[in-house]
Amino acid sequence: MKFNWRYSFSGFLILLILGICLAAPILAPYDPNAIAVADAFSGPTAKNWMGADDLGRDSFSRILYGGRITILIAMAATAIALLIGTTWGLVAGVRRGWVDEFLMRTADATMAIPQILFALVCVSAVGASVISLPIVVGILLSPTTARMARSAVVTELASDYVTAAIASGTKRSKLILSEVMPNIAPQLLVQLSINAAAAVMLEATLSFIGLGIQPPNASWGTLMLQGYAKIWNTYWFVFFPALAVTITILAFNAYGERIRVTMDSRRSSV
Amino acid sequence: MISQNDSVATLSGVSRIFKGKTGTVHALDDVTFDLKAGKTLALVGESGSGKTTAARVLLGLDQPSSGSIEVLGRELGSLKYEELRLLRREIQVVQQDPFSQLNRRHSVERIISSPLIAFNIGDKQSRRKQVIDLLKAVGLEEEHLNRRPHELSGGQCQRVAIARALAVDPKIVVLDEAVSALDVSVRAQVLNLLREIQSSRGLTYLFITHDLGVAHYMADEIAVMFRGRIVERGNRDDVFKQSQHHYTTGLLSSVPLASPTAEKRISEQVQSLPSPIEGDACNYRSRCAVGSGREDCKSLPIQITQGSSTHSWLCHSPVVRS
Amino acid sequence: MTNALVVKGLSLSVPSASGRVTVIDDLSFDIPAGRRVGLVGESGSGKSLTAYSLMRLIKEPVRIEKGEIFLEGQEILGMDMKKFRHLRGNDISMIYQDPMSALNPIMRIGAQIIESIQLHSDLNRSQARKAAIELLASVGIPEPDRRIDSYPFEMSGGMLQRVVIAIALSGQPKVLIADEATTALDVTTQARVLTLIDNLAAERGLSVLLITHDLGVAAQFSDELMVMYAGKLVEHGSVSQIFSNPVHPYTKALLNSHCDYTIDVNEPINSIAGQPPRPDNRPTGCVFSPRCPHVQPKCRETVPQLEIAQDRLTACFRAEELFELGRLNR
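Right, let's walk through the structure included here. (Residues numbered from 1 in each chain as written. Chains lettered and ligands numbered in written order. Predicted model: local features only at pLDDT ≥ 70, side-chain atom pairs only at ≥ 80, totals over all residues.)

So, the overall build of chain A
Part 1 of the argument: Within chain A one finds ten helices and zero strands.
Part 2 of the argument: For chain A, the N- to C-terminal ordering of α and β elements is α-α-α-α-α-α-α-α-α-α.
Part 3 of the argument: With the principal axes as the frame, chain A shows a C-alpha extent of 75 × 45 × 30 Å.
Part 4 of the argument: In chain A, of all internal contacts separated by at least 6 residues, the share reaching a separation of at least 24 is 67%. (Helix = DSSP H or I, 4+ residues; strand = E, 2+ residues; numbered from the N terminus. Contact = placed C-beta atoms within 7 Å.)

Here's the deal with the sheet that holds strand β12 (residues 312-314) of chain C
Residue and element names in this part refer to chain C.
Part 1 of the argument: Spatially, β6-β7-β8-β3-β9-β10-β12-β11 is the arrangement adopted by the eight strands of the open sheet, whose pairing is mixed. With one partner strand each, in any of the chains shown, β6 (92-95) and β11 (307-309) form the two edges of the open sheet. Across the sheet, the mean angle separating the axes of adjacent strands is 20° when strand polarity is ignored.
Part 2 of the argument: Alignment of strand β3 (residues 36-40) against strand β9 (residues 224-229), held across four bridges, turns out to be parallel. The residue bridging V37 from the neighbouring strand is E224, located in β9. (Pairing = 2+ DSSP bridges. Axes fitted to C-alpha atoms, helices over the stretch in contact; angles between N-to-C directions.)

Topic: the interface of chain A and chain B
Part 1 of the argument: In this assembly, 15 residues from chain A lie in contact with 19 residues from chain B.
Part 2 of the argument: When contributions to the side of chain A that touches chain B are tallied by element, the ones reaching two or more residues are α7 (160-167) and α8 (172-208) of chain A.
Part 3 of the argument: With seven residues, the top contributor of residues to the side of chain A that touches chain B is α7 of chain A.

Points about helix α5 (residues 125-138) of chain C
Residue and element names in this part refer to chain C.
Part 1 of the argument: Taking 1.5 Å of rise per residue, the 14 residues of α5 would be expected to cover 20 Å, and the 20 Å separating its terminal C-alpha atoms lies within 8% of that figure.
Part 2 of the argument: All buried positions along α5 are accounted for by A128, A132, L135 and L136. The buried residues of α5 occupy one face: seen down the axis, they fall within an arc of 95°. Those residues of α5 that are exposed and aimed more than 90 degrees away from the buried face are S126 and E134.
Part 3 of the argument: On its buried face, α5 sits against α4 (109-120), α6 (144-147) and α7 (157-169). (Expected span 1.5 Å × (residues − 1). Buried ≥ 20, exposed ≤ 12 C-beta atoms within 10 Å, placed from the backbone. Arc of directions from axis to C-beta.)

Description of the pairing of strand β8 (residues 204-209) of chain B
Residue and element names in this part refer to chain B.
Part 1 of the argument: For β8, the tally of buried residues reaches six of six residues, placing the bulk of the element in the interior.
Part 2 of the argument: Judged by which residues are buried, β8 turns out to be covered on both faces: T204, L206 and I208 on one side and Y205, F207 and T209 on the other are all buried.
Part 3 of the argument: Sheet analysis places strand β3 (residues 40-44) next to β8, joined by five bridges and oriented parallel. In the sheet register, T40 faces β8, and the bridge partner there is Y205.
Part 4 of the argument: As judged from the five bridges shared by strand β7 (residues 172-176) and β8, these two strands associate in the parallel manner. Bridge pairing in β8 links V173 to Y205.

Digging into the sheet that holds strand β4 (residues 63-71) of chain C
Adjacent strands of a sheet pair through backbone hydrogen bonds, lying either parallel or antiparallel.
All names here are of chain C.
Part 1 of the argument: Spatially, β2-β1-β4-β5 is the arrangement adopted by the four strands of the open sheet, whose pairing is antiparallel. The open sheet is flanked by β2 (19-32) and β5 (74-75), the only strands paired with a single partner.
Part 2 of the argument: Against the sheet, helix α1 (residues 47-54) makes contact with β1 (3-16), β2 and β4, and its axis sits at roughly 70° relative to β2, the strand it touches most.

Regarding the arrangement of the chains
Part 1 of the argument: Most contacts, when the two pairs of chains in contact are compared, are made between chains B and C.
Part 2 of the argument: The two units chain A and chain C remain apart, with a minimum C-alpha distance of 9 Å.

Some remarks on helix α6 (residues 184-201) of chain B
Residue and element names in this part refer to chain B.
Part 1 of the argument: The first and last C-alpha atoms of α6 sit 26 Å apart over 18 residues, in line with the 26 Å expected at 1.5 Å per residue.
Part 2 of the argument: Here α6 has its buried residues at V184, S185, V186, R187, A188, Q189, V190, L191 and L194.
Part 3 of the argument: One or two positions beyond α6, positive phi appears at G202, with a value near 65°.

Some points on the nonpolar core
Part 1 of the argument: The biggest cluster of nonpolar side chains holds 200 residues, and the ones touching the most others in it are L58, V174, L191, L206, F207 and V224 of chain B.
Part 2 of the argument: The element that contributes the greatest number of residues to this core is α7 of chain C, accounting for nine residues.
Part 3 of the argument: Beyond its immediate stretch of four places on either side in the chain, F207 of chain B contacts T40, L41, A42, L175, A215, M218 and A219 of chain B.
Part 4 of the argument: Formed by 47 residues, the second largest nonpolar core is a distinct cluster that contains Y65, L82, V136 and V137 of chain A. (Core = buried A, V, L, I, M, F, W, Y, C linked by C-beta atoms within 7 Å.)

Printed below as a string of structure tokens:
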């Protein structure tokens, strides 16, 4: 079935998650940091839909606000990765020669570094904040984007329509923007979705191991960190944030995958 | 002013060498030919003959290793990139694959106006009008303006490519196997169109093809290429009725004709064709019934024999006709 | 003469926005043993789909709606697939346009031929290797004992096509289908490869279905000619009959638009306007009627059947008169 990238279930889900989290101040029933010792450790009830934590703070509100932070950091990281990665790959693919070699081997080297180790070093140097985390995660995700962008632009530049454009008098400077970009846009969209999923995962992981957002502010990862020690008696501390992370990642991956499948089916005809 | 028999473009002693892992390949080996105003030169050859490289070199899309290329009095090697770009207004190309030579994300209107935009001709409205005129000139309709290439047939796409080539009113059009990918009946339509456009606009064509029938129909002059060299050159009758080079005669006899009395044997041989031998003076010698037995074909460099004012060939021992 | 292949009423459909539409319409023909039959048509004529149907390579979304195919008397469309697999590649073989995609690029060609030989016989490995070398020699490959260990990338297009022919013939087939098998080859190589197929077919009493868009190839290398247009077989007769007097208006138009070096250069080529109909837009009645210069009201209402018209089969209501017209104008 034809996948319409504007209207689809996974697309709708993404928008829903984004919408809910960004609207946290309006939707959250309680202040996420409000301590109410009386309700501490309560499970899902009518008062606290997702229960309350050890200090009585409402989990649902914390998840909404936490999601806001996770999503914001992840989206910023994705944007940074797209910007850096696409430029990186395009320059390599257009210039070729030693520039291409240098840029791509640098990408390979960056990808060879274990991600958590890299993050550890960076975060210890600059500290974890809403500014530093997107940059660190963005840098981690850009090499794959660079490789994808480079191979896409090299393929397109070898096409007949680019030869035709050059022969028609199109300036070299305009070539990439007006001829090539529209053709690699779907691939970039796929990469964007995959990066978004990876960014959410990375942010949650970093926060979970304590490298991310620090208390009292909490992202989903931090919530899981706070909750996992008490997982046996009060499962809801971990369960709901983990569920949120899982659904978000699945939605982004599904969206990207559907675009990719549509592109592949368009290329190979009956 | 360009008079009838002036050359509008010339390749002189052009060679193009590619160095690869398996050795050097002479895609073009001392190639010389010229295009005369308003006429069609067909460059005929099989795979590896160098005809596409010759086209690319003429269009400035590739640099020769040696030799010079002149287009409308300008020596390509001496031009800066922007000067070359501006010269492209005069020489356009239509390629083989109808779909891949059009940007699949652009509309027909955008595709045909691309050269107009590149050379800053007119404004949006005047360009649209020009595009519509061009569509009609190639046998398409205004309704095709907003279509995308994948919504059109092969023949229609090729017409769009031709319209694009005509947009900036060039003097020369290079047709690189432009009808080879089309169905027989569509091919006929497009060939008729190309001839009609040529006479109404006074265009000069470089027609590259492996199909002798098409070359015969379209060309005033034919140059036969084999492995980077022009082995025979002449007008239609010279090449088809009085061919001298053994490759040319071999080609002509290998073409199956669509006639009811088609002689059932166009080839006695079934063996694989031998590859050329490195170091032979004549690159065709290994396949040549005459040359394989001759010492001069092996070691004596061959000079061009000018048989008549129009007909020349590169052979020590050409075909003898009684 | 016995028939190597008989096709009866074959119809294929594909899905479209408006439901399933016909791409091959009620196709019927016979190929006698040892006969070479050319099948010509343009894009969308259904000639390749016909070939795939004969080899039962039709997969969804393309569907065989009805029809029967008899290979040496055995009906193969309804046959159990396991049983048919013994016939496919063995009794009926096919060669395609691009030899590179038919061969495994990371296997030596010898291994690929031997694999095919062992699949269709009881020979052991060294016997199969000997047979493979002989097969390579018989298809005109020089130094076959050395070439047998080459990889596909080390060989030219013409040589690869010969290897493909060798594999196709390794099972001693009765019918060989060549689907645009020489289209990608140089004309000099094409001549040799087609002559090779001719010789091998004559030696083995093989029937050949030569599918091509090149009228010259069809004229030179087949005894009979079938012409397809938009999924319909419109004419079927001997090469000399059809080329000297094409009766069906499409056949006539096709022959007229053929551009070889014998046509008059001072006249425009006689092409027909328009293009074949899309499968979802088939006209009622005769499928060629929108473009036919001899169209009558009847043509737009009823579908003409393939019937005998003098010396060949034609699907046209005006066959007889067009035959006479053609005969007089010669």
